[in-house]
Amino acid sequence: MEERLKIYNGQIVTPQEIIKNGSILVADGRIVAISEGNIDATDAFEIDAKGRFISPGFIDIHVHGGAGHDFMDNTEEAFLAIANLHARHGTTTMLPTTLTSSRADLLETLATYELAEKQNSNGSQFAGMHLEGPYFALNQAGAQDTRYIRNPEASEYEEILSAFACIKRWSAAPELQGAPEFGRYMTSRGVLVAMAHTDAIYEEALEGFKNGFTLATHLYSGMSGVTRRNAYRYAGVVEAAYLIDVMDVEIIADGIHLPPPLLKLVYKIKGPGKTALITDAMRAAGMPPGESILGSLKNGLKVIVEDDVAKLRDRSAFAGSVATFDRLVRNMVTMADVPLLQAVQMAAATPAAIMKIDNKKGSLVAGMDADIVLFDEDINIEMTIIKGKVVYEARK
Ligand SMILES: [Zn+2]
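Residues numbered from 1 in each chain as written. Predicted model: local features only at pLDDT ≥ 70, side-chain atom pairs only at ≥ 80, totals over all residues. Heavy atoms only, no water.

Novice: Please explain the pattern of salt bridges as it appears in this structure.
Specialist: Pairs can form between side chains of opposite charge whenever their charged atoms are close. Taken as a whole, this structure holds 17 salt bridges when the rule is applied. Glu250 is the partner of Arg169 in a salt bridge, and the nearest nitrogen-oxygen pair spans 2.8 Å. Here Arg169, found in strand β12 (residues 167–172), pairs with Glu250, found in strand β17 (residues 248–252); they are 81 residues apart in sequence, far enough to count as distant. With respect to class, Arg169 is no different from Glu250; both count as buried. A salt bridge links Asp371 to Lys361; the nearest nitrogen and oxygen atoms lie 2.7 Å apart. Residue Asp371 is located in the loop between α10 (349–354) and β23 (372–375), and its partner Lys361 is located in the loop between α10 and β23; the two are separated by 10 residues in the primary sequence. Residue class for Asp371 comes out buried when judged on its relative accessible area of 6%. By relative accessible area, which is 11% here, Lys361 ends up buried. Within the structure, one salt-bridge network assembled from shared partners comprises Arg103, Arg150, Glu156 and Glu159. (Salt bridge = Lys/Arg side-chain N within 4 Å of Asp/Glu carboxyl O. Helix = DSSP H or I, 4+ residues; strand = E, 2+ residues; numbered from the N terminus. Buried < 20%, exposed > 50% of the residue type's maximum accessible area, 1.4 Å probe, protein only.)

This is the structure we're talking about:
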């Protein structure tokens, strides 16, 4: 017999509008109906939303860790703990993300993903791996380990991709030697290619876009803006992301990596259909302030977490975000004056479209996976539901 679930008495965030008092019916992990008022479904398990928002679950396409773990710790325990932490904050789907590392460490992370994915029953679901590095510009390395940064080599990336079908996204610098071939190859294999840690000028970024680099990774962070060389002024990757209308961007909307005026500017120029929110969270997300490690326990960098962000120990630069997804949505509403409907779009439908999983995820529409979060006016997560199963409920 099919299992049916009904959530009623809530404000439903649909792609077009917020239904003030609606209900949603789920059967066998999928949404079967959404309606104003209370759907009649006598045999369904019922949840009273008590006037809260009923929203599509958040989709984080760039996240490294949380709850004291990093995906590159290379343990199944770490993968599952990170997935569970972020599910409590509204993320129902995520792309575990690597950092630039040795080839051996990277292969181990990919192998660990495959093991952990099978056991992940109560956390944010894994939608494939995102490789951040190692093909980056040295002078935009940021906190990426410069010992392993190099140019793309077809023999290397073709072998890695053929061994691990879980790779769904790869961030690289488009101006490197070999990058156009890399972009075309990955795109032909269904891998999303993003420009990251790049020092490209506009013309190089445009060339990259034509070769498949269709997303800007953490816009503004680790990328070129306007520069001057011998008196002449050049546009950079930030300007390319703005000028190429169909290019997607993702932003670390923790309110620190990008202060409110920049959140507003990105929203104003790119709009909610081309902007995805990301946490880019490192292991200290969901942990108290103090010392932490960016990257793997074995090879990572000691950092300090204070003022809701990770910093290098000399405090000269940020070393990762400690945001959870609820905070991103809250920030877009309170800091950037974005309506909740559009903030949720940037948290769910847009990242789903970027990853081409929007036929199943990212919006509350009949036929879609029942990945649903309930939250109050301040975006405090009250309940997380993944494929029709309650995986988290806030304690009363
Ligand atoms: Zn990252």
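Having seen it, we continue.
Novice: Before we go on, may I ask you to explain the domain arrangement of the protein chain in this structure?
Specialist: Often, the extent of an interface is quoted as the loss of accessible area on bringing the components together. Examined at the domain level, the protein chain breaks down into domain 1 (4–55 + 363–393) and domain 2 (57–354). Between the C-alpha centres of domain 1 and domain 2 the distance comes to 30 Å. Between domain 1 and domain 2, the contact holds 22 residues from the first and 19 residues from the second. Contact with domain 2 buries area across many residues of domain 1, yet Ile379, Ile381 and Ile386 alone supply 30% of it, more than any other trio. Applying the counting rule to domain 1 against domain 2 returns zero salt bridges. Our count for the contact surface shared by domain 1 and domain 2 stands at seven residue pairs in polar contact (both at pLDDT 80 or more). Of the residues forming the side of domain 1 that touches domain 2, the biggest block, four residues, is contributed by strand β24 (residues 381–386). Along the lines of polarity and charge, the residues of the side of domain 1 that touches domain 2 split into 13 nonpolar, five polar and four charged. (Domains from an automatic or database assignment. Contact = heavy atoms within 4.5 Å. Buried area = accessible area lost by both parts, 1.4 Å probe. Polar contact = N/O pair within 3.5 Å; in protein donor to acceptor, adjacent residues only side chain to side chain. Nonpolar A, V, L, I, M, F, W, Y, C, P; charged D, E, K, R; others polar.)

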